[in-house]
Amino acid sequence: MIAYHLNNEIDDRPLFGVSTRRERLWNLIAGVLTTIAVAFTLISAFYYQPASYPLNIFFAFCIAFICVSLIILIHWYRQGDVDPKFRKMIYYNSFTIVLLCVCANLYIHNIKLPHFSGHNTTAT
């Protein structure tokens, strides 16, 4: 087997083949955006205190628990315990966490979006 060397050499080959610069850039972008969104949401949930403060904390804990599962998946991926096809799942989970953070921040900061309906509500 390749994993066992008789002469105890250090094997510094990449885990899943050669990693391109573009892949590393995508990993960095996804990681930074997700980290910023989660950090802003957690800080907002604890320091912005409107009447629904307990619900904001609940949002923060839900997002944190989802992030823990993503961090474990990333750790397993980097260790080589999962297939490279799970990279797409990591990107998908990062994207959904960012969307969840956007929703949580809209709720935490009580931002009302305009209501768009298909008909005109003004009387003529």
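Residues numbered from 1 in each chain as written. Predicted model: local features only at pLDDT ≥ 70, side-chain atom pairs only at ≥ 80, totals over all residues. Heavy atoms only, no water.

Participant: Describe the overall build of the chain, with residues and values.
Facilitator: Counting its secondary structure elements, the chain contains three helices and zero strands. When the elements of the chain are put in sequence order from the N terminus, they spell out α-α-α. Per-residue burial over the chain gives 19% buried out of 124 residues. The long-range share in the chain, meaning contacts at least 24 apart out of those at least 6 apart in sequence, stands at 67%. As displayed, the chain offers around 10100 Å² of accessible surface, 67% of which is attributable to carbon and sulfur atoms. (Helix = DSSP H or I, 4+ residues; strand = E, 2+ residues; numbered from the N terminus. Buried < 20%, exposed > 50% of the residue type's maximum accessible area, 1.4 Å probe, protein only. Contact = heavy atoms within 4.5 Å. Areas by Shrake-Rupley, 256 points an atom, 1.4 Å probe, with all protein chains shown as cover.)

Participant: If you had to explain the nonpolar core to someone new, which residues and values would you point to?
Facilitator: Formed by 15 residues in total, the largest nonpolar core has its most connected members in Val38, Ile63, Cys67, Ile90, Ile97 and Cys101. The set of elements that each furnish at least two residues to this core consists of α1 (21–47), α2 (53–79) and α3 (86–108). It is α2 that provides the largest number of residues to this core, a total of six residues. Excluding anything up to four places from it in sequence, Cys101 contacts Ala37, Val38, Thr41 and Ile63. (Core = buried A, V, L, I, M, F, W, Y, C linked by side-chain atoms within 4.5 Å.)

Participant: I'd love a proper account of the packing of α1 against α3, names of residues and values included.
Facilitator: Put simply, α1 and α3 touch, their axes get as near as 9 Å, and they point 25 degrees apart. The angle between the axes of α1 and α3 places the two elements in the roughly parallel class. For the pair α1 and α3, the sense of crossing is left-handed. Facing α1, whose interface residues are Glu23, Trp26, Asn27, Ala30, Leu33, Thr34, Ala37, Val38, Phe40, Thr41, Ser44 and Ala45, α3 presents Arg87, Tyr91, Ser94, Ile97, Val98, Cys101, Ala104, Asn105 and Ile108. (Axes fitted to C-alpha atoms, helices over the stretch in contact; angles between N-to-C directions. Parallel < 35°, antiparallel > 145°, perpendicular 65-115°, else oblique. Left-handed = near helix turned anticlockwise from the far one by under 90°.)

Participant: Explain the layout of surface pockets to me, and be specific about the residues and the numbers.
Facilitator: Of the voids in this model, the second largest pocket is the one considered here, and its volume is about 180 Å³. In this structure, the second largest pocket is lined by Trp26, Ile29, Ala30, Leu33, Thr34, Tyr91, Ser94, Phe95 and Val98. Tallying contributions element by element places α1 first for the lining of the second largest pocket, with five residues. In the lining of the second largest pocket, the residues fall into seven nonpolar, two polar and no charged. (1 Å grid on protein atoms, 1.4 Å probe; cavity = no way out; pocket = protein on both sides within 12 Å on 5 of 7 lines; lining within 4 Å. Points joined across faces, edges and corners; volume = space filled by probe spheres on them. Nonpolar A, V, L, I, M, F, W, Y, C, P; charged D, E, K, R; others polar.)

Participant: Run through the environment of Asn56, naming residues and quoting values.
Facilitator: If you trace the backbone, Asn56 turns up in helix α2. The exposure class of Asn56 is buried, given its relative accessible area of 0%. Linking Asn56 and Tyr107, residues 51 residues apart in sequence, is a C-alpha distance of 8.1 Å. Dropping the residues within four chain positions of it, Asn56 is found in contact with Ala45, Tyr48, Pro50, Tyr107 and Ile108.

Participant: Give me the lowdown on α1, citing residues and values where you can.
Facilitator: Over its 27 residues, α1 extends 38 Å from the first C-alpha to the last, a length consistent with the 39 Å expected when each residue adds 1.5 Å. For α1, the complete set of buried residues consists of Ala30, Thr34, Ala37, Val38, Thr41, Ser44 and Ala45. (Expected span 1.5 Å × (residues − 1).)

Participant: Report on the packing of α1 against α2, specifying residues and quantitative values.
Facilitator: In contact at an axis separation of 8 Å, α1 and α2 are set at 155 degrees when each is read in the N-to-C sense. On the basis of their axis angle, the class for α1 and α2 is roughly antiparallel. As α1 runs across α2, the sense of the crossing is left-handed. Contacts from Val38, Thr41, Leu42, Ala45 and Phe46 in α1 reach Tyr53, Asn56, Ile57, Ala60, Ile63 and Cys67 in α2.

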